[in-house]
Amino acid sequence: MSKGFQSQAGYTQHYKSVHGRSRHRPHQQLPPYHDDELQPPIGAYYTPHPVLDGTPCDVDGNYLPPKTPPPPLPQPVNPQDAQPWHPFTSQGHFELADFLFCREQMSGGNINDLMHIWAALDEKGKPPFNSHSHLYQTIDDISQENSWDCLEMHHVEANNPNAAPWKQSTYQICLHDAGKLVEQQLSNPGLKEFIDYSPQLVFGENHQRAWSNFMTGNWAWNQCNELAKKEENHGAMFVPIILGSDKTVVSVATGNNEYWPLYITTGNVHNSAHCGHGQAVSLLGFLSHLFQTSLGAALETIKPIISTPKVILCADGHYQCAIYGIGPYIADYPEQVLLACIVQGWYGDDNAILCNHDYTKLLMSKFTHQVLWKQYGIVDDILPFTAYLSRANIHELLSPDILHQVIKGTFKDHLVAWALMKVYLPAVADYLPDKMVQAISAFMDFCYIHYHDMIQSFGAPNGLCSSITESKHIQAVKDPWRRTNQYEALYQMLVVNQHLDNLGNFRACYLSKPLVPQGISPQILPIEWNEPNACNDENIEEVKDIQGARVEATVQLAGVPYVNHDEFPNLVAAFVYQQQHPGAVLGASFSYPLILERGYTFDSAIATFHAPSDLSGVGGMQSQRIHATPSWRGGPPRYDCVFVEKDPSLPGFQGLLVAQVILLFSFSYRNMTYSCALVRWFQTIGDKPCQNTGMWMVKPSFDDNGDCVVSVITLDNILRPAHLIGIYGPEPLPRNFTHTDSLTAFSAFYVNRFSGYHAYQLCF
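Residues numbered from 1 in each chain as written. Predicted model: local features only at pLDDT ≥ 70, side-chain atom pairs only at ≥ 80, totals over all residues. Heavy atoms only, no water.

K.L.:
Residue-level account of the overall build of the chain, with values.
P.N.:
Helices and strands together make up the secondary structure of the chain, namely 22 helices and 28 strands. Each of the 764 residues in the chain was classed as buried or not, and the buried ones make up 49%. In the chain, the proportion of contacts linking residues at least 24 apart, taken out of those at least 6 apart, comes to 70%. (Helix = DSSP H or I, 4+ residues; strand = E, 2+ residues; numbered from the N terminus. Buried < 20%, exposed > 50% of the residue type's maximum accessible area, 1.4 Å probe, protein only. Contact = heavy atoms within 4.5 Å.)

Here it is in structure tokens:
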């Protein structure tokens, strides 16, 4: 392979000096995978695709020199559009509309009542909106580009009187313009830092391949190799179109409530933005039972761009010559069967080959319907929608659905409720044969690791799964359906989605804040002040997605401080001494500093870390609460456990420690403020995980006097909350046992690595 570049700027400079820039360049021989004359760079690096490298261009498609700044935004032609918040009168006017319609989902009647109350309180008797109709019309005035097209479709045998009744029926599909949705996503300022403009080969510290986002996978790179054979594609931005659908019955009681939503996103957007949404995943339409024909109609507006590049505006303010390609399709198994036009449950022999459309057409021309069905598992007389698109084969684009086929299919449908999956293994470890426990452990590993070939092809160790569309599905189908009168609800759902799209796009354009560069640790969350001497934790969010760019992990104190200084002076003094004398061995002979200044304790801290596979914002950031309080929600005490960094050079759990937080506090000494935790330590049992469960085990640490080992540590050493599960043993728990006794009743614990993807990545 050619030499990697540690930044996009370095590659651009190299390309300018060596290859030059022009709209149409001579075809370049793709570099080999290894070049003995070039020494690999030190540290991690990546190599963009050498031909389809996403070079910025002007509005006419002419490539720009490196470091050319983005052009100024076009000025509005309509004087009304020059008003910064049009069609709203101010930011507050928009925020109110967004609050009422999106966050509170307030009914029209309640909006009218609120506006009447508002008018009564206003000196001029004028509310922000005259009525709910005025609110809805203002939202509609944001843009007309998100309107819906409703089409009628008929089967090819609709006029045959002997055809089955379903073939004679008329079907309706409702669609957005797929091309406009893709351009909205790629030009969304809120996604500026989460878009790749070319495929990349990424390498780690030891020059090993690494896969993270879609454009780091082999599929996108190979697609660009194919596109590079045409000179007109040189320098273009490759845009993989990712589709997903999820047929849903929202209610059986009211009848006729079966909906088939189709979602669209692009592979350029990072996996964390897919999971965090932020307008990265869009509702494309509602399909009909004429499935393949509906999909063809839905993609009609992007078909030309699959063959010929089109100039589009991107989130960084530059224009790109973009060429599209049909990428993976996210669906559960029944829909995968429907998409591929194959027989459900059919299994081929060892000589079965991967289908392609030419091979399917050949078989259809040679064999009868019965032979195709029984011997080849092919449904006759119909081809997948990809058969009519360039460079697309649905049989290569169906990725295994971890959420439905593996996790829900096994745990929810066969073993236990899905919510219990994360704590299931320790509960049965001492009741089942070792081999069975090991099998369950291996299965759960499989749920978190995913498929080897999918990771390499689509750069998706956690990216391509129906969990991407699951949250969007709630927002686009289930919640809008609940807001209708549930009679002929589809039209009402379309209007709700149109309003949601308008508000979401408006917020992205007008309220997108400058993103924080990676490596900077800002104050992500403001301190939540409560009344003095009270723990008002009723409305505290335990887990929260954090919007914004990826930053280094942080732990910050939260809640109200109150004075508490005399309980542990020696431990605090020892901590300060160690901070001032790194590496010193503490002992009784040392003269510890006397802390005379005031200290404060807190009920909780907020740990913020990068967890793109779990609930997170578009940057993949998530926050979780760490509690240390004598009474949580007015009940028993709660003292959470945490992962503490021991040695970052060691892999996985070997570089970590586990501790229970007894007290969260801060204090000042010689004009230096320290944010700390008093912790009770656990020690690791053995030098490897449990053979049966695959989990590391820990036990409380005691000193020579039989007392718990405690110490003061800085919050900078805490990574995130840890979940410990007692090693129950073969005897049943007492009937009066409660969950609040969990961390005191057992002599040893499993470190639960299945509490989430982030914990799984830490605890291997």
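Back to the text.
K.L.:
Please provide a residue-by-residue account of the confidence of the model for the chain, values included.
P.N.:
When pLDDT is low, close inspection of the predicted coordinates is not appropriate. Scored by pLDDT, the chain comes out at a mean of 79, with 75% of its residues at no less than 70. Contacts of residues 1-36 to residues separated by more than four positions or lying in other chains number 80 contacts, the stretch itself having pLDDT below 50. Taken as a whole, residues 513-539 scores under 50 in pLDDT and shows 50 contacts with residues more than four places along the chain or in a different chain. (pLDDT = per-residue confidence, 0-100.)

K.L.:
Just give me the short version of the pattern of salt bridges, but keep the residues and values in it.
P.N.:
Scanning the model with the defined rule gives 8 salt bridges in all. In this structure, Arg-507 and Glu-95 form a salt bridge, with 2.8 Å as the shortest nitrogen-oxygen distance. Of the two residues, Arg-507 sits in helix 20 (residues 489-510) while Glu-95 sits in helix 2 (residues 91-103), which places them 412 residues apart along the sequence. Its relative accessible area of 30% is what places Arg-507 among the partly exposed residues. By relative accessible area, which is 27% here, Glu-95 ends up partly exposed. Across the salt bridge formed by Asp-640 and Arg-638, the nearest N and O atoms sit 2.8 Å from each other. Three or more residues joined by partner-sharing salt bridges are found here, namely Glu-95, Asp-98 and Arg-507. (Salt bridge = Lys/Arg side-chain N within 4 Å of Asp/Glu carboxyl O.)

K.L.:
Account for helix 3 (residues 108-121), with residues named and values stated.
P.N.:
The end-to-end C-alpha distance of helix 3, which contains 14 residues, comes to 20 Å, matching closely the 20 Å that a straight helix rising 1.5 Å per residue would cover. Within the sequence span of helix 3, burial applies to Gly-108, Ile-111, Asn-112 and Met-115. The buried residues of helix 3 occupy one face: seen down the axis, they fall within an arc of 100 degrees. Residues of helix 3 that are exposed and point more than 90 degrees away from the buried face comprise His-116, Ile-117, Ala-120 and Leu-121. (Expected span 1.5 Å × (residues − 1). Arc of directions from axis to C-beta.)

K.L.:
So, the nonpolar core: which residues are in play, and what are the values?
P.N.:
Ranked by internal contacts, the top residues of the largest apolar core, which has 83 residues, are Ile-241, Leu-243, Tyr-324, Ile-326, Tyr-329, Leu-339 and Phe-385. At 8 residues, strand 13 (residues 319-330) tops the list of elements feeding residues into this core. Excluding anything up to four places from it in sequence, Tyr-329 contacts Leu-243, Gly-244, Ser-245, Leu-262, Phe-291, Leu-295, Leu-339, Phe-385, Ile-394, Leu-397, Leu-398 and Ser-399. Membership of the second largest hydrophobic core comes to 17 residues, among which are Leu-96, Phe-101, Phe-129 and Phe-506. (Core = buried A, V, L, I, M, F, W, Y, C linked by side-chain atoms within 4.5 Å.)

K.L.:
Give a detailed account of unusual backbone geometry, specifying residues and quantitative values.
P.N.:
Between His-86 and Pro-87 the backbone carries a cis peptide bond, its omega angle lying at 10 degrees. Structurally, Pro-87 is set in the loop between strand 2 (56-57) and helix 2. With a phi angle near 50 degrees, Gln-105 is a residue other than glycine that sits in the positive phi range. Exposure remark for Gln-105: the relative accessible area of 32% places this residue in the partly exposed category. A positive phi angle is found at Asp-381, which is not glycine, with a value near 70 degrees. In this fold, Asp-381 is placed in the loop between helix 13 (369-376) and helix 14 (394-397).

K.L.:
For the environment of Asp-177, give the residues involved together with the corresponding values.
P.N.:
Tracing the backbone shows Asp-177 in the loop between strand 4 (170-175) and helix 6 (178-186). Take Asp-177: its relative accessible area is 25%, and that puts it in the partly exposed class. Ignoring sequence-local partners within four residues, the contact set of Asp-177 consists of Leu-284 and Thr-301. At a separation of 2.9 Å, a polar atom in the side chain of Asp-177 contacts the main-chain amide nitrogen of Gly-179. (Polar contact = N/O pair within 3.5 Å; in protein donor to acceptor, adjacent residues only side chain to side chain.)

K.L.:
Please give an account of the packing of helix 3 against helix 4 (residues 132-140) that cites residues and values.
P.N.:
Where helix 3 meets helix 4, the axes come as close as 8 Å, and the angle between the chain directions of the two elements is 105 degrees. Between helix 3 and helix 4, the interaxial angle falls into the category roughly perpendicular. Seen from helix 3, the contacting residues are Gly-108, Ile-111 and Asn-112; seen from helix 4, they are His-132, Leu-135 and Tyr-136. In terms of residue class, the contact of helix 3 with helix 4 is built from 3 nonpolar, 3 polar and no charged. (Axes fitted to C-alpha atoms, helices over the stretch in contact; angles between N-to-C directions. Parallel < 35°, antiparallel > 145°, perpendicular 65-115°, else oblique. Nonpolar A, V, L, I, M, F, W, Y, C, P; charged D, E, K, R; others polar.)

K.L.:
Let's hear about the sheet that holds strand 6 (residues 209-210): which residues, and what values?
P.N.:
The strand order across the open sheet formed by 3 strands is 1-5-6, and the pairing between neighbours is antiparallel. The open sheet has two edge strands, strand 1 (45-48) and strand 6, and neither has a second partner. Bridging between strand 5 (residues 200-203) and strand 6 involves 2 bridges; their strand directions are antiparallel. By the bridge assignment for strand 6, Val-202 is matched with Ala-210. (Pairing = 2+ DSSP bridges.)

K.L.:
Account for the packing of aromatic side chains, naming residues and giving values.
P.N.:
Counted by the stated rule, this structure contains 25 aromatic pairs. Between Trp-85 and Phe-506, the aromatic rings sit 6.2 Å apart at their centres with planes inclined by 45 degrees, giving tilted as the arrangement. Of this pair, Trp-85 sits in the loop between strand 2 and helix 2 while Phe-506 sits in helix 20, and the two are 421 residues apart along the sequence. Each member of the pair, Trp-85 as well as Phe-506, is classed as buried. An aromatic cluster is defined as three or more aromatic residues linked by ring pairs; in this entry it consists of Phe-682, Tyr-728, Phe-737, Phe-746 and Phe-749. Here Arg-483 stacks its cationic end above the ring of Phe-101, 4.1 Å away from the centre of that ring. (Phe/Tyr/Trp six-rings, centres within 6.5 Å; stacked < 30°, edge-to-face > 60°. Lys NZ or Arg CZ within 6 Å of the ring centre and 35° of its normal.)

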